Amino acid sequence: MNTLTIPDHYQSPLDLIETEVAVKMIKDTFERRLAEQLRLTRVSAPLFLLKNTGLNDNLNGVERPVAFKAPSLNDDDEIEIIHSLAKWKRDALHRYHFEAHTGLYTDMNAIRRDEDLDNIHSMYVDQWDWEMVITKEDRNLDFLKKTVRKIYRALLDVEFTMLRHYPQLGEPILPEEITFITTQELLDLYPDDTPKERENKIVKQHKAVCIMQIGDLLSNGTKHDGRAPDYDDWALNCDILVYNKVLDQALELSSMGIRVDADSLKAQLEKVHANERLSLPFHQNIINGVLPLSIGGGIGQSRLCMFFLRKCHIGEVQASLWDQDTLKTCEEKGVHLL
């Protein structure tokens, strides 16, 4: 079901041409700062992968990838448009022979056909996917937090740059420091709320929050959110959320984490009854120590632009497809979709 919210009296601070110029400035600035902070090298990435490699991210396990077959390949080879590059990146770290505390980033473009469309969700996904080699000693929450703070410094640099060039965007939103909290601590703080309500409350209070340990069951027998069992370690992952002032709600900018090692991979697949994946090449390479230990994530490009440009709809900063009701309402309210 598609939902849409247009705040009363909403008006974009930038017109269409200004928006396109500003989007380029945001992407150039953040990409450069991210690479500097994490010592990353830009690489090329695929739009599609062979299904039988096990390299495509299956997200929550229910989303259907767009799939096809190509006459120039084997008739039995099914090809999938990527959902994300979470697994591909770790394999690429091995193939490129990156050293510890260096890594890669890339532009990821995907199609998520089953996405429920609203102000912040589109069938078209564009994000920076990044991955960095780590050591066994780095597999802890302190290293995760240290990495998050580096990414957050890049976000602060972008906000400063945009407000300097476009003062009509108003006052800064991001605080000097990001707040860290686990999903269990968040549940303990707001036991009667849904996960999204908890996120909104904590982000409205602190404006920038890193919510850690997503995917496993909490004390009330539920999950804060779903997470694929075979890339993030559920004890060592997180989401970065900021306060979307225009929509008065939390906005997730990044999903990231320290990746599974052999032990956590087996344990998490057991929990979701998906042990059959252990036979796939990617999973075998983790178990056998072929792939390096790593940390990585995705950072939404359009969401970043939406946040910094004070837009109410993601379609104002990216070109996608929308249902007729959304198109009609946006036109009536003066919201210019690209």
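Residues numbered from 1 in each chain as written. Predicted model: local features only at pLDDT ≥ 70, side-chain atom pairs only at ≥ 80, totals over all residues. Heavy atoms only, no water.

Under an unreviewed UniProt entry, the name given to the chain is Aspartate--ammonia ligase, and the organism recorded is Intestinibaculum porci. Entered under Subcellular location (unreviewed entry) in the UniProt record, the comment concerning the chain runs "Cytoplasm". Within the UniProt record for the chain, the comment given under Catalytic activity (unreviewed entry) is "L-aspartate + NH4(+) + ATP = L-asparagine + AMP + diphosphate + H(+)". (UniProt positions renumbered as here; feature names shortened; annotations may be inferred.)

A. Up close: the nonpolar core. Phe30 and Trp130 are the most contacted members of the largest nonpolar core, which totals 71 residues. For this core, the element with the most residues is helix H3 (residues 141–165), which contributes 11 residues. Ile82, Trp88, Leu93 and Leu104 belong to the second-largest nonpolar core, a separate cluster that totals 13 residues. (Core = buried A, V, L, I, M, F, W, Y, C linked by side-chain atoms within 4.5 Å. Buried < 20%, exposed > 50% of the residue type's maximum accessible area, 1.4 Å probe, protein only. Helix = DSSP H or I, 4+ residues; strand = E, 2+ residues; numbered from the N terminus.)

B. Looking closely at the packing of aromatic side chains. Inspection of the entire model under this criterion finds three aromatic pairs. The interplanar angle of 35° and the centroid separation of 5.9 Å between the aromatic rings of Tyr96 and Phe98 together place this pair among those described as tilted. Using a relative accessible area of 19% as the deciding quantity, one classes Phe98 as buried. Residue placement shows Lys145 over the ring face of Phe180; its charged tip is 5.6 Å from the ring centre. Directly above the aromatic system of Phe307 lies the positively charged group of Arg310, at a separation of 5.6 Å from the ring centroid. (Phe/Tyr/Trp six-rings, centres within 6.5 Å; stacked < 30°, edge-to-face > 60°. Lys NZ or Arg CZ within 6 Å of the ring centre and 35° of its normal.)

C. Representation of the sheet that holds strand S10 (residues 249–259) within the structure. Judged by pairing direction, the sheet is mixed, and its eight strands sit side by side in the order S1-S5-S6-S11-S10-S9-S8-S7 without closing on themselves. In the strand order of this sheet, the two ends are held by strand S1 (40–42) and strand S7 (179–182), each with one partner. The mean inter-strand angle of the sheet, taken between neighbouring strand axes irrespective of direction, is 25°. (Pairing = 2+ DSSP bridges. Axes fitted to C-alpha atoms, helices over the stretch in contact; angles between N-to-C directions.)

D. Examining unusual backbone geometry more closely. Positive phi, normally seen in glycine, also occurs at Arg39, with a value near 60°. Given a relative accessible area of 54%, Arg39 falls into the exposed group. Residues other than glycine seldom take positive phi values, yet Asp248 does so here, at roughly 55°. Among the structural elements, Asp248 can be located in the loop between strand S9 (232–244) and S10.

E. Summary view of the sheet that holds strand S3 (residues 67–68). With antiparallel pairing, three strands are arranged side by side in an open sheet as S2-S4-S3. Edge positions in the sheet fall to strand S2 (48–50) and S3, since each of these pairs with one other strand and no more. Where S2 meets strand S4 (residues 79–81), three bridges bridge the pair, whose relative direction is antiparallel. Bridging from a neighbouring strand, Phe48 pairs with Ile81 of S4.

F. Looking closely at a nonpolar patch on the surface. Taken together, the side chains of Leu47, Phe48 and Phe68 define a hydrophobic patch exposed on the protein surface, amounting to about 270 Å² of accessible area. Its place among the elements puts Phe48 in strand S2. (Patch = residues over 30% accessible without salt bridge, like charges linked within 9 Å, V, L, I, M, F, W, Y side chains within 5 Å. Areas by Shrake-Rupley, 256 points an atom, 1.4 Å probe, with all protein chains shown as cover. Salt bridge = Lys/Arg side-chain N within 4 Å of Asp/Glu carboxyl O.)

G. Structural context of the packing of helix H1 (residues 16–38) against helix H8 (residues 301–308). The contact between H1 and H8 brings their axes to 10 Å, and the two run at 115°. Of the two elements, H1 crosses H8, and the hand of that crossing is right-handed. Touching Val23, Ile26, Lys27 and Phe30 of H1 are Gln301, Leu304, Cys305 and Phe308, all from H8. Of the residues belonging to the contact of H1 with H8, the class tally is six nonpolar, one polar and one charged. (Left-handed = near helix turned anticlockwise from the far one by under 90°. Contact = heavy atoms within 4.5 Å. Nonpolar A, V, L, I, M, F, W, Y, C, P; charged D, E, K, R; others polar.)

H. Looking closely at the packing of H1 against H3. The geometry of H1 relative to H3 is characterised by a closest axis approach of 9 Å and an angle of 150° between their N-to-C directions. As judged from the angle between their axes, H1 and H3 are roughly antiparallel. When the axes of H1 and H3 are compared, the crossing they make is right-handed. For the pair H1 and H3, the contacting residues are Ala22, Met25, Ile26, Thr29, Phe30, Arg33, Leu34, Gln37 and Leu38 in the first and Thr147, Lys150, Ile151, Arg153, Ala154, Leu155, Asp157, Val158, Thr161, Met162 and His165 in the second. Broken down by class, the residue content of the contact of H1 with H3 amounts to 11 nonpolar, five polar and four charged. (Parallel < 35°, antiparallel > 145°, perpendicular 65-115°, else oblique.)

I. Examining empty space enclosed by the protein more closely. Taken as a whole and judged by the stated rule, the model has one cavity of 30 Å³ or more. For the lining of the largest cavity, the per-class residue count stands at four nonpolar, one polar and three charged. (1 Å grid on protein atoms, 1.4 Å probe; cavity = no way out; pocket = protein on both sides within 12 Å on 5 of 7 lines; lining within 4 Å. Points joined across faces, edges and corners; volume = space filled by probe spheres on them.)

J. Focus on the layout of surface pockets. In this structure, the largest pocket occupies an estimated 1200 Å³ of space. The wall of the largest pocket is formed by 50 residues, among which Arg112, Glu115, His121, Glu252 and Arg303 lie closest to the centre. Those elements that provide at least two residues to the lining of the largest pocket are helix H2 (86–96), strand S6 (124–133), helix H5 (195–206), S9, S10, strand S11 (294–300) and H8. Counting residues per element, the lining of the largest pocket draws most heavily on S10, which supplies nine residues. The residue inventory of the lining of the largest pocket, partitioned by class, reads 16 nonpolar, 16 polar and 18 charged.

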